[in-house]
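# What the coordinates show
Given next are the chains, with one letter for each unit.
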Amino acid sequence: MKEIKTVAVIGAGLMGRQIALNTAMHGYQVILNDSFPEALKKGEACVEDYLAGRIAKGKLTQEAADQARQGLRYEEELQKAVEKADLVIEAIIEDRAAKEALFRKLSDFAPKDAILATNSSFMVSSLFKDCVEDPGRLANIHYFNPAMVMKLTEVVQGEHTREETIDALMEFSRNTGKDPIWVRKEIDGFIANRFVRVIKNEACYLLEEGIATAQEIDTALEKGLNYPMGPFRLMDLTGVDLSYLASKRVYEETGVKQPGFDALKAKYEAGEWGRKTGKGWYDYTDGAKK
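Scope of this entry: the structure provided in the associated data block.

The subject of this paragraph is the overall build of the protein chain. Secondary structure summary: the protein chain contains 11 helices and 8 strands in total. At 19 Å, the protein chain has a C-alpha radius of gyration in line with the 19 Å of a compact globule built from 290 residues. Considering the protein chain as a whole, with its 290 residues, one finds that 47% of them fall into the buried category. Counted over contacts in the protein chain with a minimum sequence separation of 6, partners at least 24 positions apart contribute 65%. Taken as two groups, the 40 positive and 46 negative side-chain charges of the protein chain have centres that lie 2 Å from each other.

Okay, helix α7 (residues 192-208) next. With 17 residues, α7 should reach 24 Å at 1.5 Å per residue; the first-to-last C-alpha distance of 24 Å fits that figure. Taken together, the buried positions of α7 are occupied by K200, N201, A203 and C204. Residues of α7 that are buried make contact with α8 (214-224), α9 (231-238), α10 (240-254) and α11 (261-269). One or two residues past the end of α7 sits G210, with phi positive at roughly 75 degrees.

A separate point is the sheet that holds strand β3 (residues 72-75). Read across the open sheet, the 8 strands follow the order β3-β2-β1-β4-β5-β6-β7-β8; overall the sheet is mixed. With partners counted over all chains shown, the strands left at the sheet margins are β3 and β8 (179-183), one partner each. The mean angle between the axes of side-by-side strands here comes to 25 degrees, regardless of whether they run parallel or antiparallel. Helix α5 (residues 96-109) rests against β1 (6-10), β4 (87-90), β5 (115-118) and β6 (138-143) of the sheet, and its axis sits at about 170 degrees to β5.

This paragraph deals with the nonpolar core. If you look at the biggest cluster of nonpolar residues, it comprises 34 residues, and the most contacted ones within it are I4, V7, L87, I89, I141, Y143 and F172. What L87 contacts, discounting residues up to four positions off in sequence, is I4, T6, V7, A8, I115, A117, L169 and F172. One finds I10, V82, F103 and L116 within the second-largest nonpolar core, a separate group that totals 20 residues.

Taken together, the side chains of E3, E163, D167 and E171 make up a negatively charged region of the molecular surface. Tracing the backbone through its elements, the reader meets E171 in helix α6 (residues 163-175).

Let us look at unusual backbone geometry. Here the bond from N145 into P146 is cis, since omega is 0 degrees, no more than 30 degrees from zero. Notably, F190 is not glycine yet its phi reads approximately 60 degrees, a positive angle. Summarising the element assignment, F190 is placed in the loop between β8 and α7. Since its relative accessible area comes to 0%, F190 is described here as buried.

A word on α11. All of the buried residues along α11 are F261, L264 and K267. The buried side chains of α11 occupy one side of the element, clustering within an arc of 130 degrees when seen end-on. Among the structural elements, α7, α9 and α10 are those in contact with the buried residues of α11. A positive backbone phi angle near 75 degrees is found at G271, which sits one or two residues after α11.

So, about the pattern of salt bridges. As enumerated under the stated definition, the model contains 21 salt bridges in all. The shortest N-O distance in the salt bridge between R69 and E48 comes to 2.9 Å. One end of the pair, R69, is in helix α3 (residues 62-71); the other, E48, is in helix α2 (residues 37-56), and 21 residues separate them in sequence. Residue class for E48 comes out partly exposed when judged on its relative accessible area of 30%. We note a salt bridge from R73 to E75, for which the minimum N-O separation is 3.7 Å.

Together, I181, I191 and F195 make up a nonpolar patch on the protein surface, roughly 280 Å² of accessible area in all. Residue position: I181 is located in strand β8.

A separate point is the environment of W281. Checked against the element boundaries, W281 lands in the segment after α11. Sequence separation between W281 and L234 is 47 residues; the distance between their C-alpha atoms is 9.7 Å. The contact partners of W281, leaving out residues within four places of it in the chain, are L207, A214, Q215, F232, M235, D236, V240, A263, L264 and K267.

Turning to the packing of α8 against α9, a few remarks are in order. Where α8 meets α9, the axes come as close as 7 Å, and the angle between the chain directions of the two elements is 105 degrees. Considering the angle they form, α8 stands roughly perpendicular to α9. Every residue of α9 that contacts α8 at A214, I217, D218, L221 and E222 is listed here: P231, F232 and R233. Each residue belonging to the contact of α8 with α9 can be placed in one class, and the counts come to 5 nonpolar, no polar and 3 charged.

Quick notes on the rules
As a convention, each chain's residues are numbered from 1 in the sequence order in which they are written. Note on the predicted model: pLDDT of at least 70 is required for a residue's local features to be given, and 80 or more for side-chain atom pairs to be given and counted; whole-chain, interface and lining totals, by contrast, use all residues. Only hydrogens and water are set aside when side-chain values are computed; all heavy atoms of the structure are taken into account. Under the DSSP-based scheme used, a helix requires at least four consecutive residues in state H or I and a strand at least two consecutive residues in state E, with every element numbered from the N terminus. Radius of gyration means the value over C-alpha atoms here, while the globule rule gives 2.2 Å times the residue count to the 0.38 power. Only protein chains enter the calculation, and the probe is 1.4 Å; a residue is then buried if its accessible area is under 20% of its type maximum, exposed if over 50%, and partly exposed in between. Contacts were defined at the residue level, with two residues in contact if any of their heavy atoms lie within 4.5 Å. Neither His nor the chain ends is counted toward charge; the positive residues are Lys and Arg and the negative residues Asp and Glu. Taken as the charge centre is NZ of Lys, CZ of Arg, CG of Asp or CD of Glu, depending on the residue. Each helix should span, by expectation, one fewer than its residue count multiplied by 1.5 Å. Paired strands, as defined in this entry, are two strands with at least two bridges between them according to DSSP. In this analysis, axes come from line fits to C-alpha atoms, helices being fitted only over the stretch in contact, and the angle between any two N-to-C directions falls in the range 0 to 180 degrees. Within this scheme, the nonpolar core is defined by two criteria: the residues are buried Ala, Val, Leu, Ile, Met, Phe, Trp, Tyr or Cys, and they are joined through side-chain atoms within 4.5 Å. Two joining distances apply to patches: 9 Å for like charges and 5 Å for nonpolar side chains (Val, Leu, Ile, Met, Phe, Trp, Tyr), and every residue must have over 30% relative accessible area and no salt bridge. Note that accessible areas follow from Shrake-Rupley with a 1.4 Å probe, and for residues the cover is restricted to the protein chains shown. The salt bridge criterion pairs a side-chain nitrogen of Lys or Arg with a carboxyl oxygen of Asp or Glu, the two atoms within 4 Å. Think of the arc as the fan of directions from the helix axis to the C-beta atoms. Under this scheme an angle from 65 to 115 degrees is roughly perpendicular, one under 35 degrees roughly parallel, and one over 145 degrees roughly antiparallel; angles in between are oblique. Classification used: nonpolar for Ala, Val, Leu, Ile, Met, Phe, Trp, Tyr, Cys and Pro, charged for Asp, Glu, Lys and Arg, polar for all others including Gly.

As structure tokens, this is what we get:
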């Protein structure tokens, strides 16, 4: 498999733009793509704000920021974004049908030896193996939010995935400042999120039973167990919408509602998705008590 030099990231949302910038800051040529022009504009603005902020704090030199800018370009047309890519990372909405449609296009548009990877936090790559011509080059590379900061990536191998694909993704992760782990078999939630799920379910159970408020439960874990943030604060950071969609999938597949399902559904339908919308389990609007 050829060396990875050019990377296309599909989806300019919170995760996609961070993955793209992190990759560009480590010397790769990166193309960030989104089918919505406004999303690309917002992605570019967020990148510029981040670089300016790092320079102002003395965490980044002007030269390094300029190099990152030179290595990152923005492209609305999918075919142009991926036609010369060695690696394509999908970071679009967590919707199976949308991802299937995208991978069919990637199979047509990207070079036949390009690695195709999904950043999905709960959809395994085998769901899309019938959408691509050569599923041996398909795998998960799961980043954690915020992708500019969090060191872990989970590189997940399906039965269809060639080991050389995994080797290339592990090396790529290390070259971009990450500490990857090789998940040798597909499993729901991969590794880290399986532990997060256990804690979240117990926290939601305590909330449903009226034992304590979301904020008090967070305080117990943050102050008593030294967690960097409690489960509700973490859901606000990663997206209440993602937590609900994951619970919804489990409910559809098993008929069992996980603890907190109804509360998550209510917040999802109200658009209270956490930091990204200004309100979730906490209120992030100006002047509100955080």
